[in-house]
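Here is how the chains run, residue by residue.
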Amino acid sequence: INAEYGSLVDESKVMNKPTGTEVKDWVIEVHKGPCSSSNELSVFEKHIGAPALPEMIFLKNELSFTYKPTNFRLSFNTPDGLSCWDFNKPPVKVCYSKEWKSSRNLESAPVLKEYDWTYTTDYPGSIFVNGAKPGEGNEGVGRVERTQEKIDLEELKRPDPILFFDEAVLFEDELADNGASTLTVRVRVMPNSFFGLCRHWLRIDGTAVRISDTRVFHRFGSNYVLREFQIREANWSDLKLPEDPRFVTDPNLMFPLLAVKELHTDKIFIK
């Protein structure tokens, strides 16, 4: 976990060794640990000022891409992912919202009793150079520029050998049986490139479905990482769902059924 939130995690607990690979000056790792303790969550909750947190949070979990020659690092980690959640947004209204809020014992919350209980986060990932986040207006390593270039999906469909694959859950919540809100990461490394995905999947049964994807792609030898950010969503009443029940619970099946609400691509320069 990055230094900014390192103090929130109890490192005395047994931590699984990260899985990963090293290829073409890149170190690509997935860190996975147990569900965070109540003490860790209490500290983190106060740190971001949130009125509540998802049911299951893995503060130690992270997907990271480190380019050793320039000490550039692109991280998808739980603390930063949840820090992009705007809990002050007006809450979504569903038929069971009162029951959901009562299950969270929000009566004891001193100030904020209405909040975005869907934990929606549009997390683009976290950029570090020499262990720190670059400041605004950065023109060096880690600078970000909007581009019209797109991730080559046809290249990703090729049957290239997979050098490394893994995935991890950053947080998840069943919204008191009203649906699901999950933030996950996955990575695939091929001989000539890597591809990563950070996805927030939100399903509010009978109300709405939303997917927020951050996809990253790098062709080894280039001086940048492509980062595509996309939001898709639909009202439940507008969905034409097949009878197959898997469509309700599988975001990969639901993805093409949703309308694109936002889509843009950036170049993140690594040198």
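Residues numbered from 1 in each chain as written. Predicted model: local features only at pLDDT ≥ 70, side-chain atom pairs only at ≥ 80, totals over all residues. Heavy atoms only, no water.

Caption draft 1: Fine view of the overall build of the chain. Scanning the chain for helices and strands turns up six helices and 13 strands. Residues counted as buried form 50% of the 271 residues belonging to the chain. Intrachain contacts of the chain at a sequence separation of at least 6 include 68% that bridge at least 24 residues. Carbon and sulfur atoms form 50% of the exposed surface of the chain, whose accessible area is close to 13200 Å². (Helix = DSSP H or I, 4+ residues; strand = E, 2+ residues; numbered from the N terminus. Buried < 20%, exposed > 50% of the residue type's maximum accessible area, 1.4 Å probe, protein only. Contact = heavy atoms within 4.5 Å. Areas by Shrake-Rupley, 256 points an atom, 1.4 Å probe, with all protein chains shown as cover.)

Caption draft 2: Spotlight on the pattern of salt bridges. Using the criterion set out here, one finds 20 salt bridges in the structure. Residue E155 pairs with R219 through a salt bridge whose shortest N-O separation is 2.4 Å. Placement of the pair is E155 in helix α4 (residues 153–157) and R219 in strand β11 (residues 208–219), with a sequence separation of 64 residues. The exposure class assigned to E155 is buried, which follows from its relative accessible area of 9%. (Salt bridge = Lys/Arg side-chain N within 4 Å of Asp/Glu carboxyl O.)

Caption draft 3: Examining the sheet that holds strand β6 (residues 126–129) more closely. Strands sit in the order β1-β2-β4-β5-β6 across an open sheet of five strands; the sheet is antiparallel. Only two strands of the sheet have a single partner each, and these edge strands are β1 (19–23) and β6. Between one strand and the next, the sheet's axes are offset by a mean angle of 15°, whatever the strand orientation. (Pairing = 2+ DSSP bridges. Axes fitted to C-alpha atoms, helices over the stretch in contact; angles between N-to-C directions.)

Caption draft 4: Region of the structure containing the sheet that holds strand β12 (residues 224–235). One open sheet accounts for eight strands, arranged β3-β8-β9-β10-β11-β12-β13-β7; its pairing is antiparallel. On the outer flanks of this sheet lie β3 (56–57) and β7 (144–147), each paired with one strand and no other. As paired strands, β7 and strand β13 (residues 259–269) are joined by four bridges and run antiparallel to one another. Bridge pairing in β13 links V144 to I268.

Caption draft 5: Broad picture of the packing of aromatic side chains. Within this structure, the stated rule accounts for ten aromatic pairs. Both rings, one in W26 and one in Y67, keep their centres 5.2 Å apart while their planes meet at 45°; by these two values the pair is tilted. Within this pair, whereas W26 is found in strand β2 (residues 26–31), its partner Y67 is found in strand β4 (residues 62–67), the two being separated by 41 residues in sequence. When the centroid spacing of 5.9 Å and the interplanar angle of 75° are considered together, the rings of F76 and Y123 count as edge-to-face. Pair noted here: F76 is in strand β5 (residues 72–77) and Y123 is in the loop between α3 (97–103) and β6, with a separation of 47 residues, a long-range link. Cluster of aromatic residues (ring-pair linked, three or more members): W26, F65, Y67, F72, F194 and F220. Across the ring face of F269, the terminal group of R143 is positioned such that the distance to the ring centre comes to 4.0 Å. Looking at K267, its charged tip hangs above the ring of Y224, at a distance of 4.4 Å from the centre. (Phe/Tyr/Trp six-rings, centres within 6.5 Å; stacked < 30°, edge-to-face > 60°. Lys NZ or Arg CZ within 6 Å of the ring centre and 35° of its normal.)

Caption draft 6: Local environment of the state of the cysteines. On inspection of all chains with the given rule, the structure shows zero disulfides. Free of any disulfide, C84 has its nearest neighbouring cysteine sulfur in C198, separated by 9.2 Å. The class of C198 is buried, set by a relative accessible area of 2%. (Disulfide = S-S within 2.5 Å.)

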